[in-house]
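If you want the building blocks of each chain, they are given just below.
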Amino acid sequence: MNGENSESTTDERDPLFRYDQPIFANKEILEISHLPGPDKIVGRDEHMSQVAEALNPAIFGQSPTHLFIFGKTGSGKTLTARMVSRRLQQEAQNEGVTVRVATVDCGEQNTEASVIKTLASSVNDPSKSGMTIPERGLSTGDYYNRLWRVLDTCSDVTIVVLDEIDMLQDDEVLRKLSRAGENQRIVDSRLGIIGVSNKIDFPDELTERVKSSFAHDELVFSSYDANELREILRNRTHAFEEGALTDDVIPLTSALAAQEHGDARKAIDILRNAGRIATKEDAEKVTEDHVRAAKEKTETDRFRELLDGQTSQSKVILYALVLQTEGDQGAKVTTSNVYRQYLSIANSLDMDQLSERRVQEILKELDFLNVIQSEVKGRGRGQGIHGRHRLLEEPRIVKRVLLSDPRFENLRDQTN
């Protein structure tokens, strides 16, 4: 009977989809959100020890040391903070102490109100606090009041991880959180903050009020080298069916990622995309060719994500920089040269032309988003300043992403 049912089920399957998995065994292992075992955190033993030292008092219900963690994308900052925080929770529980960990992606929740609302929702247990955290309808002050109540009733110590903290619109939230105990906003609980950022100079950008009140330690993560990336990828190979990877896939993927950024996240993305490309081609194994194709796709996808939500004007300004740097990827182009090129492109698209000052402001915004790198230098006494800008991605990748925008169809025609 079971065999008949199985055969019937197979016959009824929609032919639009595929039901075999010759490449992947468990693709979730290649997701960035996947948290590997503590013995699989590569090259970060010392960093984990330093994070643990800052958080250690929480095991006994005492206030942790606030911490800023810096490093390039994919250097293991957030992964380490999450892993140490999880292990801390387990040890604190053995001491009869309740530790809650709340993570906020400040790239998405970047206003004071949204951060506080997210924290309150993450920690809240309505059966203990006697309240809910509505999605909307409260003032920022009301959300703070609910947060204080939640912290005091739902946890002994709360670890707040602010990922991409440099994306916050206002750093006032840091001042209020860090002084919550001192100002008697919370009485029965303690609070520790871990700020994670790609920008090592982020503390210099804090307002003076926050600098004077937010005492913290700092920890810098270096990029991974090729050997470390190779070990990281090997720890994820059980995402694939046995024998699905040729011998050169892991060494090549790690070498390509180390060559440019030492970015573990990018290395994992390339490996996952290589598997997807092999699956699409009905290949029996993932090969070197799949890895190289995956690198191209990964870079394109990442840059498209960076530009998501940017205005047409921003994209035209970026395209002007692309045209100025084709043939010389590392070229640094002055604002005035970018502006002249921008005027020509805007004219060909029949777009409104922005002032040079506004173009300069948009270039600064692109620099803040790590789309480009800008530097400002003085020309000499009484002669003002000038900016120079360079792409952080290969011009052909940037050009491909920009020209995929249907609004730039005329530009595609000009390049053909």
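Numbering of residues starts from 1 in each chain and follows the order in which that chain's sequence is written. Two thresholds apply to this predicted model, a pLDDT of at least 70 for residue-level local features and 80 or more for giving and counting side-chain atom pairs, whereas whole-chain, interface and lining totals are computed over all residues. The side-chain figures draw on all heavy atoms in the structure; neither hydrogens nor water molecules are used.

Another point: the UniProt feature "domain: AAA+ ATPase" (unreviewed entry) in the chain. UniProt positions are given in the numbering used here, feature names are shortened, and annotations may be inferred rather than shown by experiment. In this numbering, the UniProt entry assigns the feature "domain: AAA+ ATPase" (unreviewed entry) to residues 63-221. For the purposes of this entry, the term helix denotes a DSSP run of H or I that reaches at least four residues, the term strand denotes a run of E that reaches at least two, and both are numbered from the N terminus. The span residues 63-221 is 39% helical and 20% strand by assignment, and the distance between its end C-alpha atoms comes to 24 Å.

Let us look at the packing of aromatic side chains. Working definition: rings of Phe, Tyr and Trp (its six-membered ring) pair if their centres are within 6.5 Å, and the pair is stacked with planes under 30 degrees apart, edge-to-face with planes over 60 apart, and tilted otherwise. Applying the stated rule across the entire model yields six aromatic pairs. Ring geometry for Phe68 versus Phe202: centroids 5.6 Å apart, planes at 70°, classification edge-to-face. Of this pair, Phe68 sits in strand β1 (residues 67-71) while Phe202 sits in the loop between β4 (190-197) and α8 (208-213), and the two are 134 residues apart along the sequence. No difference in accessibility class separates Phe68 from Phe202, as the two residues are buried. Two thresholds decide whether a charge sits over a ring: the Lys NZ or Arg CZ must be within 6 Å of the ring centre and within 35 degrees of the ring normal. One Lys or Arg, Arg44, reaches over the ring of Tyr224 and ends 4.2 Å from the middle of that ring. Burial classes: relative accessible area under 20% of the type maximum marks a residue as buried, over 50% as exposed, and values in between as partly exposed (1.4 Å probe, protein chains only).

A separate point is the packing of helix α13 (residues 312-325) against helix α14 (residues 335-348). Following both chains from N to C, one finds α13 and α14 inclined at 120°, their axes separated by 8 Å at the closest point. Remark: the crossing between α13 and α14 carries right-handed chirality. Residues Gln313, Val316, Ile317, Tyr319, Ala320, Leu321, Leu323 and Gln324 of α13 form the contact with α14, whose own contacting residues are Asn337, Val338, Gln341, Tyr342, Ile345 and Ala346. Looking at side-chain class alone, the contact of α13 with α14 contains ten nonpolar, four polar and no charged residues. Interaxial angle, 0 to 180 degrees, is taken between N-to-C directions of lines fitted to C-alpha atoms, where a helix line uses only the stretch in contact. The crossing is said to be left-handed when, going from far helix to near helix, the turn is anticlockwise and less than a right angle, and right-handed when the turn is clockwise. Here, residues are in contact when the closest pair of their heavy atoms is within 4.5 Å. We call Asp, Glu, Lys and Arg charged. Ala, Val, Leu, Ile, Met, Phe, Trp, Tyr, Cys and Pro are nonpolar, and the rest, Gly among them, are polar.

Our focus in this paragraph is the confidence of the model for the chain. Across the chain, each position has a pLDDT score giving the predictor's confidence in that residue, from 0 to 100. The predicted model of the chain has a mean per-residue pLDDT of 89, with 93% of residues at 70 or higher. Of all helices and strands in the chain, the one with the weakest mean pLDDT is helix α1 (residues 2-12) (54), whereas strand β3 (residues 157-163) scores best (97).

Quick look at the pattern of salt bridges now. A carboxyl oxygen of Asp or Glu within 4 Å of a side-chain nitrogen of Lys or Arg is what we treat as a salt bridge. As enumerated under the stated definition, the model contains 23 salt bridges in all. Connected via shared salt-bridge partners are Asp263, Asp269, Arg272 and Arg302.

Of all five residues in β1, five are buried; the element is thus mostly enclosed. Here β1 shows two buried faces, one formed by Leu67, Ile69 and Gly71 and the other by Phe68 and Phe70. Judged from the four bridges that link them, β1 and β4 form a sheet pairing that is parallel. When the bridges of β4 are listed, Leu67 appears paired with Ile194. Pairing geometry for β1 and strand β5 (residues 217-221), over five bridges, is parallel. Bridge assignment links Phe70 to a residue of β5, and that residue is Val220. Here, strands pair whenever DSSP counts at least two bridges between them.

Attention now moves to the domain arrangement of the chain. Residue ranges labeled as domains rest on an automatic or database domain assignment. We note that the domain assignment places domain 1 (44-220), domain 2 (224-305) and domain 3 (309-411) within the chain. Contacts between the two partners involve five residues from domain 1, matched on the other side by six residues from domain 2. Buried area between domain 1 and domain 2, summed over both chains or domains, comes out near 490 Å², and the portion from carbon and sulfur atoms is 44%. Accessible area that two parts lose when put together, evaluated with a 1.4 Å probe and summed over both, is termed the buried area. Counting the surface domain 1 buries against domain 2, the share from its top three residues, Arg44, Thr73 and Gly74, is 74%. The tally of links from domain 1 across to domain 2 stands at zero salt bridges. Contacts described as polar in this section are N or O atom pairs within 3.5 Å, which, within protein, must combine one atom able to donate a hydrogen with one able to accept it, while residues neighboring in sequence count only if both atoms come from side chains. Our enumeration of links across domain 1 and domain 2 arrives at two residue pairs in polar contact (both at pLDDT 80 or more).

Tracing the chain through its elements places Glu112 in helix α4 (residues 112-123). Polar contacts involving the side chain of Glu112 include one to the side chain of Lys176, which spans 3.1 Å. Residue contacts for Glu112: discarding those within four places in its chain leaves Thr140, Tyr144, Asp170, Glu172, Val173 and Lys176.

Okay, helix α16 (residues 395-403) next. Counted residue by residue, α16 has seven buried out of nine residues, so it is predominantly covered. Residues of α16 that are buried include every one of Pro395, Ile397, Val398, Lys399, Val401, Leu402 and Leu403, and no others.

What we call a nonpolar core is a set of buried Ala, Val, Leu, Ile, Met, Phe, Trp, Tyr and Cys residues that are connected through their side-chain atoms within 4.5 Å. Judged by nonpolar contacts, the single largest core of 34 residues is most densely connected at Leu119, Leu162, Leu174 and Leu177. Looking at this core, the elements with two or more residues in it are β1, β2 (99-105), α4, α6 (140-154), β3, α7 (172-178) and β4. Ranked by residue count, the leading element in this core is α6, at seven residues. Not counting residues within four places of it along the chain, the set of residues in contact with Leu119 comprises Ala102, Val104, Leu147, Val160 and Leu177.

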